[in-house]
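The residues making up each chain are set out below.
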Amino acid sequence: MYTAFFLLFVGVIVSCLFMSGKSMIWELDGLAQHYPIIVQFRHMLVSFLNNPSQGFTHWAWNIGLGSDTLTNFQYYVTGDLFNYLIVLFPKSQIETGFAVLVFLRMYTTGLAFLLFTHNYHFKKMSTVIGAIAYAFNGYALSTGLHHPFFILPLIFFPLLAYGVDNVLKNKSFVPLVLAVFLTLIGNFYFAWILAIGAVVYTLVRLISVRKNPEFHFIKSIGKLVGSAVLGLGMAAIIFLPTILLAANSTRIHQKFANGLTLFPFEYYLKMPNTILLNGRAMSFWLVIGITGLSYLGIVYMLVHFKKYIWGNIYLLIIIIGLMIPAFGAVINAISTPSNRWILLANLLFAFATMILIDNLDSLTRKDVYWLLGSSIGLIALVWVNNGMILTLKRHDFIEYGMLLLTIIAILCMLFFKWSKTTNLVVLVCVFSLNVAVNIVGIYSPNATNLAKQQMARGLSTRFSKDYYNDAQKYVMAQPGFFRTSKAPRYQYNKNLENLANYTNTNTNISINTGINDESIYLTLQNGYLGKFSRAVANSQFSMNTPIGQNDYRTSLNNLMGVRYMFAKANTKHKPMVPYGYTPVKDKNGKVKVFQAKARTYADPAIENLYGTIIYKSDNALPLMYTQPKTISPAKFNKLDAIDKEQVMTQGAVVDKQSEDKSPLNYQSSKKDLKYQVNVDTSQLIYSGDQLTKYRLNLLDNPNADKLIKQPHSQVSLGANYQKTKDLLADNRMILENNEYNNRNGLKEMTTDVTGKPLQYSLSVNDPKSTKNSELYLVIKGIHQTDGSLKNRMQWLSNQKLMDNKLYTRLQKLNNLRTNLTDPPFGGYNFDAYTNSYHTGFAQYDSDNLSNYRQINNIVLNLGYSKNARKNIKLLFNQVKNIKFKSVKLVAVPFNKQYDQRLQKLKQNGLKNLTVKNNHVTGTATVPTSQTLVTSIPYSTGWKLTIDGKQAKTFVVNKGFVGANIPTGTHDVALTYTTPGSKLGKLISIISTLILIIIGIISAVIARRPRSKHAVRK
């Protein structure tokens, strides 16, 4: 019966997707992460099945600068057993397979719930409805649309609970062992959340069953601990290596709970609205979206508090946890205050649903009053919290209507005294309609923006195939090992505000193209790459993308061995590419353009319809080379970020003073440029003439000064004269104070009396000094200030005065509502423009749970140019002001001297270099002892041999594998083994054997005939 219901509701999902022409792939992380990774995973499976001797997981050079497929992919695919079924789908149908696996996961959540209910005594139909409520809860529906593997914990938690119940009832401990095993190999992140949830569940159940005759405390505790240890041991083959990577990943340095003590006020206001609604923007990942029947089940359980005391205690823990950021941060792996752990509550919600259904025939008048009152009360609370106005979308009214329909159905059952069969039929119909409505609320573009963000059917496959317009085939045909990158905005999704690295949408598409792109977008990233990026102040660094495109900085890309760079062919001007990169030309000397293919139903917002040009650099360094000079950590740390980048091209940065055997006498070539700070006053309303231009909409008109002296429409400058005059004076004061503060360099960027940011420019005193140079904006001591509620309300009032428009009390009330429910969180965009290049950075809001970090210092590459640059335009938004400790303009010249230095390093590259998955070999010839430098991300898994003898490796250039090479000619070999894999494999084998032995012993004991004494007893 469960299967029939499940297929019915999956049919609703498929119908929505079919009607809208959409797929199950999200155009953000779905296209950027999940789809390309599942394509790569299928390739790994097929390769392994064709040639098992090569192993399944290994070091892969096509994943960023190089990554371990076992650990870096564990978060997404490696431990998710459902993903292994993708091999059953042909390459052309991976999108279909992707969707089928989502539905299969959802189906399994219901099966897991049904298994969980076996230890309880509910009616059959109650368990079926509970399973459907669990499988199609708001969390599953919304995460299935965006992050399919987020459904896994909904499977594992009922299994863990079932295993715990078995142990406490003195039954077999094996289900708990297997549940722990599946949880730990499935996803290390959710394993932490589920572990805490399982501990809480166990404590509640321990107390609730303490008086049961079959319960034995010591024995149960022993079996619980033993089961957890055995399950952990069995999972060690995957779990141990992954934890070792996670412990040294880029996420270790996050600020606990994003610095929040309490959630912002608007979070608490919006909480009631998340109970029933789906498809909303997720505030701190609070996703509930249950049916009306489940809501009423919770109310019924609370009304009968003592009877269901332990379920209610569990519910109170959930409610309290949702109030405190630190609670969510602890459960979220001691990091951000994410409420993803709310998934654990769905077990209780479905449980409460079954309780209500089982007790429908015994509802009292008091119960009915509470059910009816709580339904009306919830709607009233939503109304009050929205400022006493129901600003709901059309579909939201239907979902609240379903709650009222459910309570009406229950009232009819009691009033008309229908038969049990009729009651059940009516309830199932209303519940089914509610589930269908919830599905439509997420999967229909008419109901929510979530569905609009889904990729069109077939577009993901085409986009992945045509990503480089076949330009990658030219690159793949070139000899040697090298890496590639992308020019600014080669891929930029116009449908989405891209804040990740500002000039390219983060993506993993390149891993399936046969080339080695330097950027990768993964949750788990090598922490050494983060240390490297932080050391050189790479503005594109984030926890998910520690390298990006190295901010298009010349030396960084040369150091990473980036030989080719892909750029769009549509640009009117030459795209900004680092120094030394020139376009590849055909036999006739013309720039080679790889034309975009003709497409049916093209999507220009996502796809590159202009074609691709390849830029090549001869300064890309080899994967392994030797450096005669070294830089100690102490000397390196004294350099600024720009010199840290340049010094790596002259010597090897070692990680210990003892390795500094041939110290470099570094001489910086950078130049600090003097500049003047200017404010664009053309948009600032500080005088009567400016106000006239503004009211006539002439501020952008170059002839505005003449036009306002000619006859024009009435602008009523005398209206509210004194107040308006004061505003103009305030703007003049803001301008004067700002000019004074910025007299010796940029110290502050601020807003006018209406909250509109002023526009700034830095005017270079000697523009010639920027020629043939890469220009940098070096910013230190950044501190932004949000506009307070009072500020924002005053800005709106001032704007009405400037417009000479009536500001009614209702408008003020509406604006107050908006500012209360949509406050700022400290985020802003900072934009910098030169003659032909636009760059900048994004400070994420503190409620961004994936990428938030406070940016205090940053280096922005303003690009290389042969031409002089006079002005740098600077803009910001969203905050009241930004203050800086210092802002410097720095120029680094690039010339033949730089070319010669890089070419000399290239000559130091290892000869006969061979690069395979887990092996890199070559021959080094050095006249004196030198340092081996690589662009291989450092890992203890890399083992070095020199002439067949083991040698020590260390961290070089802050994040890469390095070593000492003695004088002479030597065979150098690096071999990779996943750290912890051998120990993990051994632990898994031993643990599995222990489980088998215990199982055999238990079976033998169980088959022994009991003694007569035992029988009589």
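A quick note: this is a predicted structure, and the numbers were derived from the prediction, not measured.

### What about the overall build of the chain?
Piece 1. Looking only at helices and strands, one finds 34 helices and 32 strands in the chain.
Piece 2. By the compact-globule yardstick of 31 Å for 1017 residues, the chain fits well, its C-alpha radius of gyration being 32 Å.
Piece 3. Principal axes of the C-alpha set define a box for the chain whose edges measure 100 × 90 × 55 Å.
Piece 4. A burial count over the chain gives 57% of its 1017 residues as buried.

### Details of unusual backbone geometry
Piece 1. Backbone geometry at Asn170 places phi at a positive 65°, although glycine is not the residue there.
Piece 2. With a phi angle near 55°, Asn772 is a residue other than glycine that sits in the positive phi range.
Piece 3. Structurally, Asn772 can be placed in the loop between β16 (760-764) and β17 (773-780).
Piece 4. According to the relative accessible area criterion, Asn772 is partly exposed, its value standing at 36%.

### Some words on the side chain of Ser67
Piece 1. Residue position: Ser67 is located in strand β3 (residues 67-68).
Piece 2. Residue Ser67 is classed as buried on the basis of its relative accessible area of 6%.
Piece 3. A polar side-chain atom of Ser67 sits 3.1 Å from the main-chain carbonyl oxygen of Ile63.

### As for the domain arrangement of the chain
Bring the parts together and some accessible area is lost; that lost area is often taken as the interface size.
Piece 1. Here the chain is described as being made up of domain 1 (1-452), domain 2 (467-518 + 547-620) and domain 3 (622-668 + 895-979).
Piece 2. Its C-alpha centre places domain 1 at a distance of 48 Å from the equivalent point of domain 3.
Piece 3. The interface is formed by 10 residues belonging to domain 1 together with 14 residues belonging to domain 3.
Piece 4. Across the interface of domain 1 and domain 3, roughly 970 Å² is buried in total on both sides, 65% from carbon and sulfur atoms.
Piece 5. Counting the surface domain 1 buries against domain 3, the share from its top three residues, Trp59, Trp61 and Leu65, is 61%.
Piece 6. Inspection of the domain 1/domain 3 interface yields zero salt bridges.

### Brief notes about the packing of helix α1 (residues 2-20) against helix α19 (residues 420-443)
Piece 1. For the pair α1 and α19, interaxial distance at closest approach is 10 Å and the crossing angle is 30°. By the angle between their axes, α1 is roughly parallel relative to α19. The handedness of the crossing between α1 and α19 is right-handed. Residue-level contacts link Phe5, Phe9, Val12, Ile13, Cys16 and Leu17 of α1 to Val428, Ser432, Val435, Ala436, Ile439, Val440 and Tyr443 of α19.

### A few points about the pairing of strand β5 (residues 483-486)
Two faces belong to every sheet, and in a regular strand the side chains alternate between them.
Piece 1. Of the two faces of β5, both are covered, the one formed by Arg483 and Ser485 as well as the one formed by Thr484 and Lys486.
Piece 2. Bridging between β5 and strand β6 (residues 562-568) involves four bridges; their strand directions are parallel. In the strand pairing of β6, Ser485 is matched with Met565.

### Focus: the packing of helix α10 (residues 188-208) against helix α14 (residues 309-323)
Between two packed helices, the angle of one axis relative to the other and the distance separating the axes together describe the packing.
Piece 1. As a packed pair, α10 and α14 sit with axes 10 Å apart at the nearest point and diverge in direction by 150°. By the angle between their axes, α10 is roughly antiparallel relative to α14. α14 is crossed by α10, and the crossing has right-handed handedness. Together, Val200, Tyr201, Val204, Ile207 and Ser208 of α10 and Trp310, Tyr314 and Ile317 of α14 make up the contact between the two elements.
Piece 2. Residue composition of the contact of α10 with α14, grouped by class: seven nonpolar, one polar and no charged.

### Side note on the pattern of salt bridges
Piece 1. Summed over the entire model, instances satisfying the criterion amount to 16 salt bridges.
Piece 2. Across the pair Arg462 and Glu607 runs a salt bridge, and its minimum N-O distance is 2.8 Å. Remark: Glu607 occurs in the loop between β8 (593-594) and β9 (612-617) and Arg462 occurs in helix α21 (residues 459-465); sequence separation between them is 145 residues.
Piece 3. Looking at Glu607, the relative accessible area reads 3%, which means it is buried.
Piece 4. When the shortest N-O distance is used, the salt bridge between Asp643 and Lys670 registers 3.8 Å. Here the residue Asp643 occupies a position in helix α26 (residues 641-647), and Lys670 occupies one in the loop between β12 (652-653) and β13 (671-673), the gap between them amounting to 27 residues.

### Section: the sheet that holds strand β25 (residues 911-915)
Piece 1. Taken together, the five strands give an open sheet; going across it, the order is β25-β26-β32-β28-β29, and neighbouring strands pair in antiparallel fashion. One side of each edge strand has no neighbouring strand; the edge strands of this open sheet are β25 and β29 (949-951). Looking at each pair of strands side by side, their axes are set apart by 30° on average, direction ignored.
Piece 2. Pairing analysis gives three bridges linking β25 to strand β26 (residues 919-926), with the strands arranged antiparallel. Of the residues in β26, the one forming a bridge with Val915 is Val920.

### Structural notes on the environment of Gly328
Piece 1. The topology assignment puts Gly328 in helix α15 (residues 325-331).
Piece 2. Judged by relative accessible area, Gly328 falls into the buried class, the value being 0%.
Piece 3. The spatial distance from the C-alpha of Gly328 to the C-alpha of Leu902 is 50 Å, given a sequence separation of 574 residues.
Piece 4. In this view, Gly328 contacts Thr336, Pro337, Ser338, Asn339 and Trp341; residues no more than four positions away in its chain are not counted.

### Quick look at a nonpolar patch on the surface
Piece 1. Taken together, the side chains of Ile989, Leu993, Ile996, Ile997, Ile1000, Ile1001, Val1004 and Ile1005 define a hydrophobic patch exposed on the protein surface, amounting to about 740 Å² of accessible area.
Piece 2. As for its placement among the helices and strands, Ile997 is situated in helix α33 (residues 981-1007).

### As for the sheet that holds strand β20 (residues 838-843)
Piece 1. With antiparallel pairing, the five strands of this open sheet are ordered in space as β14-β16-β22-β19-β20. The open sheet has two edge strands, β14 (675-679) and β20, and neither has a second partner. Strand after strand, the sheet turns through a mean of 20° between neighbouring axes, direction not considered.
Piece 2. Relative to strand β22 (residues 871-876), strand β19 (residues 828-833) runs antiparallel, the two sharing four bridges. The partner of Tyr833 across the bridge, within β22, is Lys873.

### Let's talk about the pairing of β14
Piece 1. Because side chains alternate across β14, one face comprises the buried residues Tyr675, Val677 and Val679, and the other comprises Gln676 and Asn678, none of which is buried.
Piece 2. Examined bridge by bridge, β14 and β16 share five bridges and lie antiparallel to one another. Looking at β16, one finds that Val679 is bridged to Tyr760.

### Re helix α16 (residues 345-358)
Piece 1. In this model α16 runs 20 Å from its N-terminal to its C-terminal C-alpha over 14 residues, within 8% of the 20 Å that 1.5 Å per residue would give.
Piece 2. Most of α16 sits out of view: 14 of its 14 residues are buried.

### Topic: the nonpolar core
Piece 1. Core analysis: the largest hydrophobic core is formed by 183 residues, its most contacted members being Tyr2, Ile13, Met24, Ile132, Phe136, Ile439 and Tyr443.
Piece 2. The element best represented in this core is helix α5 (residues 94-116), accounting for 12 residues.
Piece 3. Among the domains, domain 1 (1-452) and domain 2 (467-518 + 547-620) are the pair contributing at least three residues each to this core.
Piece 4. Not counting chain neighbours up to four residues away, the residues in contact with Ile13 comprise Phe103, Met106, Phe136, Leu141, Ile439 and Tyr443.
Piece 5. Listed in part, the 44 residues of the second largest apolar core include Phe532, Tyr864, Val892 and Phe960.

Calculation criteria
- Residues numbered from 1 in each chain as written.
- Predicted model: local features only at pLDDT ≥ 70, side-chain atom pairs only at ≥ 80, totals over all residues.
- Heavy atoms only, no water.
- Helix = DSSP H or I, 4+ residues; strand = E, 2+ residues; numbered from the N terminus.
- Rg over C-alpha atoms; globule rule 2.2 N^0.38 Å.
- Buried < 20%, exposed > 50% of the residue type's maximum accessible area, 1.4 Å probe, protein only.
- Polar contact = N/O pair within 3.5 Å; in protein donor to acceptor, adjacent residues only side chain to side chain.
- Domains from an automatic or database assignment.
- Contact = heavy atoms within 4.5 Å.
- Buried area = accessible area lost by both parts, 1.4 Å probe.
- Salt bridge = Lys/Arg side-chain N within 4 Å of Asp/Glu carboxyl O.
- Axes fitted to C-alpha atoms, helices over the stretch in contact; angles between N-to-C directions.
- Parallel < 35°, antiparallel > 145°, perpendicular 65-115°, else oblique.
- Left-handed = near helix turned anticlockwise from the far one by under 90°.
- Pairing = 2+ DSSP bridges.
- Nonpolar A, V, L, I, M, F, W, Y, C, P; charged D, E, K, R; others polar.
- Patch = residues over 30% accessible without salt bridge, like charges linked within 9 Å, V, L, I, M, F, W, Y side chains within 5 Å.
- Areas by Shrake-Rupley, 256 points an atom, 1.4 Å probe, with all protein chains shown as cover.
- Expected span 1.5 Å × (residues − 1).
- Core = buried A, V, L, I, M, F, W, Y, C linked by side-chain atoms within 4.5 Å.

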